[in-house]
Amino acid sequence: MTATAPSRAPEGSFPTGFRFGAATAAYQIEGAAREDGRGESIWDRFCTLPGAVANGDTGDVACDHYHRWEEDLDLLSALGLESYRFSIAWPRVQPDGRGALNAKGVAFYRRLVEALLERGIEPVATLYHWDLPQARQLAGGWAVRETASYFAEYAAAMAGALGDVVEGWVTHNEPWVVAFLGHAHGVKAPGVRDWRTALTVSHNLLVSHGLAVDALRAGSDAPVGITLNLTPMRPVAPKDVAAAVRLDGHQNRWFLDPVLRGTYPEDMVEHYERRFGTLGFGELEVIARPIDFLGVNYYNPAAVRAARRVAPLEAELVTARPPTTAMGWTVDAEGLHEVLTRLRRDYGDLTIYITENGAAFDDERATDGTIEDPSRVAYLADHIEAVRRAIADGVDIRRYYAWSLLDNFEWEHGYEKRFGIVGVDFGTQVRTVKRSGLWYRDYIAGVRGGAA
Ligand code: FCB
């Protein structure tokens, strides 16, 4: 596959202040799972369940980033990246998810952030990329409101410890995934399969977001946002329109509406209450605390079909038609443009960070010092072009982060699915920049008016 987009952006395509970066998440790269006082997380526990993760893989070592972080920051510099989105492992800085901080854990992130600043790279920290301290899970996890209060304390502690150096905060990464893949479908930690619980979890996550916004603002001047995974839902046929609206409500509006408007979408409240009884979710004014940016993770659109027998949504996703990635996800850059322009149309003038976008492909082995990954080059080129078009259409987009800097632990898929613009040999921990990484470097240099 070849890129359909130009590999050089026309001049003035990206506004002043726009930055290109890459993203990672703590559990997916750090390893050192039992070092320097780190507590257990729900992902450590989930990985021990038979059959939960492909090949029985775990995040115990991952990319060993905890020890190799300097080399990884050098890679960011070598690629000319301007911003880095990473996540803080809650159990590394607060092993039981409450009470005293673990000084060694905090020191790790302090060093990381300071080293980013020394390299002229903007540090943007996500507080929760799915690794709840197991002690909090044992106390009820996100199904209890108390966890939201503990999360706010953790947020306040991070603002205190890092608020002078971190330049952007993301409270949660993809609460839809945590709530529904973690608690309804059970394919991600903590592996619960109960829809009513999943709905309560979605609400508590959103409340914890609002509480964390307040806590971060009290201790840091950096912009604060939340990251949602947004998916255009496309009906397969006219008879599937209502099903697509329902899945849009379930995945997109269920999070966008409370955060940006202070209300849950009525059609979905009605749909869920008919099946599960009164929800009675309050604290909407907390959830709707003003944010400085909305983080958008975009990978693919979905094709939706009505399916009465599939409870409780009575809708199902249809297997994607090619071109698809190694995840089986449709490659469709137009979907990103659609998501971005829809946000402006339905929710008004928002500042947007594209906090993740990228693709897994089965890469070839390294030859001559690089890994040729033409499909990923095409994916990035086409999606960045979609961002450029959305900006030209008036959408206020300020960041773009490729997912991911490194091949890493892709959750229940283990190490099989590779999203990196830098390849990792998990036997030797050797990093090899892929063609897509080189392409991205040259593209950014071109935008900045340097030699490409
Ligand atoms: C997103 C996650 C990220 C990674 C990508 C492929 O849902 O935020 O950690 O797994 O998908």
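Read on for a plain summary of the structure. (Residues numbered from 1 in each chain as written. Predicted model: local features only at pLDDT ≥ 70, side-chain atom pairs only at ≥ 80, totals over all residues. Heavy atoms only, no water.)

1. A look at the side chain of T355
Tracing the backbone through its elements, the reader meets T355 in strand β10 (residues 351-356). Polar contacts involving the side chain of T355 include one to the side chain of N297, which spans 2.6 Å. Setting aside chain neighbours within four positions, we find T355 in contact with A23, R85, T227, G295, V296, N297 and Y401. (Helix = DSSP H or I, 4+ residues; strand = E, 2+ residues; numbered from the N terminus. Polar contact = N/O pair within 3.5 Å; in protein donor to acceptor, adjacent residues only side chain to side chain. Contact = heavy atoms within 4.5 Å.)

2. So, helix α15 (residues 435-447)
Compared with an ideal rise of 1.5 Å per residue, which puts 13 residues at 18 Å, α15 spans 18 Å between its outermost C-alpha atoms and is within 8% of the ideal. Listed in full, the buried residues belonging to α15 are S436, G437, L438, W439, Y440, Y443, I444 and G446. Looking at the buried side of α15, the elements it contacts are β1 (19-23), α14 (374-392), β11 (396-403) and β13 (430-433). (Expected span 1.5 Å × (residues − 1). Buried < 20%, exposed > 50% of the residue type's maximum accessible area, 1.4 Å probe, protein only.)

3. Focus on the pattern of salt bridges
For the structure shown, the criterion picks out 42 salt bridges. Note that D292 and R217 form a salt bridge whose closest N and O atoms lie 2.9 Å from each other. Here R217 lies in helix α9 (residues 195-219) and D292 lies in the loop between α12 (284-287) and β7 (293-297), a separation of 75 residues in the sequence. The shortest N-O distance in the salt bridge between D363 and R376 comes to 2.9 Å. Residue D363 is found in the loop between β10 and α14, and its partner R376 is found in helix α14; the two are separated by 13 residues along the sequence. (Salt bridge = Lys/Arg side-chain N within 4 Å of Asp/Glu carboxyl O.)

4. A few points about the sheet that holds strand β4 (residues 168-173)
Strands belonging to one sheet form pairs held by backbone hydrogen bonds; the direction of such a pair is parallel or antiparallel. As summarised here, the arrangement of the 8 strands in space is β1-β2-β3-β4-β5-β7-β10-β11, forming a closed barrel in which the pairing is parallel. In this sheet, adjacent strand axes meet at a mean angle of 25° when their direction is disregarded. Taken together, the 4 bridges between β10 and β11 define a ladder with parallel strand orientation. The residue of β11 that forms the bridge with T351 is D396. Against the sheet, helix α5 (residues 103-118) engages β2 (83-87) and β3 (122-128), with an angle of about 170° to β2. On top of the sheet, helix α8 (residues 175-183) reaches β3, β4 and β5 (224-229); it is set at about 45° to β5, its chief contact. (Pairing = 2+ DSSP bridges. Axes fitted to C-alpha atoms, helices over the stretch in contact; angles between N-to-C directions.)

5. Structural notes on the sheet that holds strand β9 (residues 315-317)
Read from one edge to the other, the open sheet built from 3 strands follows the order β6-β8-β9, with strand pairing classed as mixed. Sheet topology places β6 (233-235) and β9 at the edges, where each strand pairs with a single neighbour. Strand-to-strand twist across the sheet, computed as the mean angle between neighbouring axes with direction ignored, equals 40°. Sheet topology note: the β6/strand β8 (residues 302-306) ladder contains 3 bridges and is parallel. In the sheet register, M233 faces β8, and the bridge partner there is A302. Its contacts with the sheet put helix α10 (residues 241-261) on β6, β8 and β9, and the angle it makes with β6 is roughly 170°.

Functional significance is not addressed by these values, which are geometric in nature.
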